[in-house]
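# Secondary and tertiary structure notes
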Amino acid sequence: MSEVYDVIIVGGGAGGLSAGVYCARGKMKTLLLEASSNTGGQCAKTSELENYPGIIESTGPALMDRFRAHCEKFGVEFKRDMVTGLSTEEGGFIKRIETRSGETLLAKSVIIGTGANPRVLGIKGEKEFTAKGVSYCATCDADFYEDLDIVVVGSGNTAVEESVFLTKFVNSVKMIVLHDEGVLDADRTAQEQAFANDKISFIWNSCVDEICGEELVNGVKVKNLKTGEITDVECDGVFMFVGTVPNTGFLEGTIELAKGGYIKVDEKQETSMPGVFGAGDVCDKFLRQVVTAAGDGAVAAVAAERYIQEEEHWAESVLEAENDTLVAFWSPVDQKSLELMPSLEKVAADKGVKLVTVDTYKSQNIAGRYEVKEIPTVVRFSNGEPAKRLDTPEADQLESLF
Ligand SMILES: Cc1cc2nc3c(=O)[nH]c(=O)nc-3n(C[C@H](O)[C@H](O)[C@H](O)COP(=O)(O)OP(=O)(O)OC[C@H]3O[C@@H](n4cnc5c(N)ncnc54)[C@H](O)[C@@H]3O)c2cc1C
């Protein structure tokens, strides 16, 4: 069994690495687990990156190298392993991470940044010819297609941007697009670049019905969605850019997932399991980009730090306290809470007990655990257990807690 880390980050893409910088700089003992041999995730497979603020032009791998170097500077520990399970020890504070190599690792908090993988359409021939002419990554494979003719499936930003990139290597790109002539799903800048590129042509209202070949791909059968007509298109390769699916298989049954398997998170990136946070493309969110993954990582790291602080303070000052404690669930923005505070302090002093305040405005974790619905709620704890409780009490009722 491992030592207990403050934070274990699962996944070394932009989200995980950004979380690493914030965790380690916040002096938390941080381990980052990455399944593949390189960190950087999807971004490290992105040929050109033009929209990360402050970095006017870079390659994805170059930017991710800098993210990693930043983590290393502050002392993030890296380990190559794939996470296969997540659970909690009794009480819920310590999380257990199971890995493919058979290790069990422990942490007070976990940040999941496992990202997403390219969607596989399941077209006839797709699986058979993967790495034999079917590719999901332009950066990885473009130079295998030098001066050859390729087909690109998809019409979103990734499909269009990667098509433009591929024209630096290939002879021609035919984009197979589901929509009517002139309609692409990519943003306007990307569209303009594609329409202006002589090497790119389009087959509209169509999808790929089959990928054909012998040892390697030599063509595709393209189906016109309006007429049903099937046309043979010769090509040497097929690049598939039709979206991604989140890497959350190992989380099923543990934390709440949204439609499509993405992790549900709140504004602090917290999942349905207290102390477990999500960051980046794996989350149910509006925009999946490097900059938003990095932002999520920062939020998750700071929220993880606060979570640990809050739980440790709670355990020390209430659960493990030798004497009774008076706990006030309150909020600094609630007038009744503010008015009650002097009386609470007086009662605590008169009875010789410690007053512990739980700010429900900052966090609902502990309040939720004791089903505190209204504030202020005041509870006398004895031997770590609630002994007597008053919901929204008046000052003159506080004595009755003893
Ligand atoms: C071709 C392409 C072009 C793109 N172009 C741009 C662009 O120009 N600008 C932009 O901002 N964004 C772009 N994006 C999107 C951007 O790359 C992603 O939004 C971003 O990389 C997401 O980062 P992430 O950390 O959430 O996830 P990922 O980058 O997917 O990283 C997740 C990491 O987790 C690891 N992992 C997964 N499961 C496990 C597990 N069980 N245990 C341990 N490790 C695990 C993976 O190996 C991976 O390294 C592009 C994406 C693609 C695919």
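Keep in mind that this is a model prediction, so the values were computed, not measured.

## Observations regarding the site of the ligand
In the vicinity of the ligand, 35 residues are found, and the nearest of them are Gly-15, Glu-34, Gln-42, Asn-51 and Asp-281. At 3.1 Å, a backbone N or O of Ala-35 approaches a nitrogen atom of the ligand. One of the backbone nitrogen or oxygen atoms of Val-83 is found 2.9 Å away from a nitrogen atom of the ligand. For the ligand, whose free accessible area comes to 1000 Å², the fraction covered by protein is 91%. Broken down by secondary-structure element, the contributors of at least two residues to the shell around the ligand are helix H1 (14-25), strand S2 (30-34), helix H4 (157-166) and helix H6 (290-319).

## Some points on a negative patch on the surface
Negative charge collects at one region of the surface, where Glu-50, Glu-57, Glu-161 and Asp-187 lie side by side. Looking at the secondary structure, you find Glu-161 in helix H4. We classify Glu-161 as partly exposed; its relative accessible area is 34%.

## Describing the nonpolar core
One finds Val-7, Met-64, Phe-67, Ile-111 and Val-290 to be the most contacted residues of the largest nonpolar core, which totals 30 residues. Elements with a contribution of two residues or more to this core: strand S1 (4-10), H1, helix H2 (60-74) and H6. In terms of residue count, the dominant contributor to this core is H6 (9 residues). Other than its neighbours up to four places away in sequence, Val-7 contacts Cys-23, Met-28, Lys-29, Thr-30, Leu-31, Ala-107, Ser-109, Ile-111, Ala-304 and Ile-308. Residues Ala-159, Phe-165, Leu-166 and Ala-194 belong to the second largest nonpolar core, which totals 23 residues.

## So, the pattern of salt bridges
Oppositely charged side chains may form a pair once their charged atoms are brought near each other. Within this structure, the stated rule accounts for 19 salt bridges. Among the salt bridges present, the one from Lys-336 reaches Glu-394, with a minimum N-O distance of 3.3 Å. You can see Lys-336 sitting in helix H7 (residues 335-351) and its partner Glu-394 sitting in the segment after strand S21 (385-391), a full 58 residues away along the chain. Relative accessible area serves as the criterion here: at 27%, Lys-336 is assigned to the partly exposed category. Each of Glu-3, Lys-29 and Glu-77 takes part in a single network of salt bridges with overlapping partners.

## Structural notes on the domain arrangement of the protein chain
Parsing the protein chain into structural domains produces domain 1 (4-117 + 244-314), domain 2 (134-240) and domain 3 (321-401). The centre of domain 2, based on its C-alpha atoms, is set 64 Å off from the matching centre of domain 3.

## Comments concerning the packing of aromatic side chains
Scanning the entire structure with this criterion turns up 12 aromatic pairs. Aromatic side chains Phe-93 and Tyr-307 sit 5.9 Å apart centroid to centroid with 45° between the ring planes, which places their arrangement in the tilted category. Of the two residues, Phe-93 sits in the loop between strand S4 (83-88) and strand S5 (95-99) while Tyr-307 sits in helix H6, which places them 214 residues apart along the sequence. For Tyr-307, a relative accessible area of 4% puts it in the buried group. Centre to centre, the rings of Trp-314 and Phe-329 are 6.3 Å apart; their planes meet at 50°, and the pair counts as tilted.

## Looking at the pairing of S2
Counting buried positions along S2 gives 5 out of 5 residues, so the element sits mostly inside the fold. Side chains Thr-30, Leu-32 and Glu-34 of S2 all project onto a buried face; the interleaved residues Leu-31 and Leu-33 project onto the opposite face, where all are buried too. Here S1 pairs with S2 via 4 bridges, running parallel. Counterpart to Val-7 in the pairing with S2 is Thr-30. Two elements, S2 and strand S3 (residues 77-80), share 4 bridges in a ladder whose sense is parallel. Opposite Leu-32, over in S3, you have Phe-78 as the bridge partner.

Calculation rules
- Residues numbered from 1 in each chain as written.
- Predicted model: local features only at pLDDT ≥ 70, side-chain atom pairs only at ≥ 80, totals over all residues.
- Heavy atoms only, no water.
- Near = heavy atom within 4 Å.
- Polar contact = N/O pair within 3.5 Å; in protein donor to acceptor, adjacent residues only side chain to side chain.
- Areas by Shrake-Rupley, 256 points an atom, 1.4 Å probe, with all protein chains shown as cover.
- Helix = DSSP H or I, 4+ residues; strand = E, 2+ residues; numbered from the N terminus.
- Patch = residues over 30% accessible without salt bridge, like charges linked within 9 Å, V, L, I, M, F, W, Y side chains within 5 Å.
- Salt bridge = Lys/Arg side-chain N within 4 Å of Asp/Glu carboxyl O.
- Lys, Arg positive; Asp, Glu negative; His and termini not counted.
- Charge placed at Lys NZ, Arg CZ, Asp CG, Glu CD.
- Buried < 20%, exposed > 50% of the residue type's maximum accessible area, 1.4 Å probe, protein only.
- Core = buried A, V, L, I, M, F, W, Y, C linked by side-chain atoms within 4.5 Å.
- Contact = heavy atoms within 4.5 Å.
- Domains from an automatic or database assignment.
- Phe/Tyr/Trp six-rings, centres within 6.5 Å; stacked < 30°, edge-to-face > 60°.
- Pairing = 2+ DSSP bridges.

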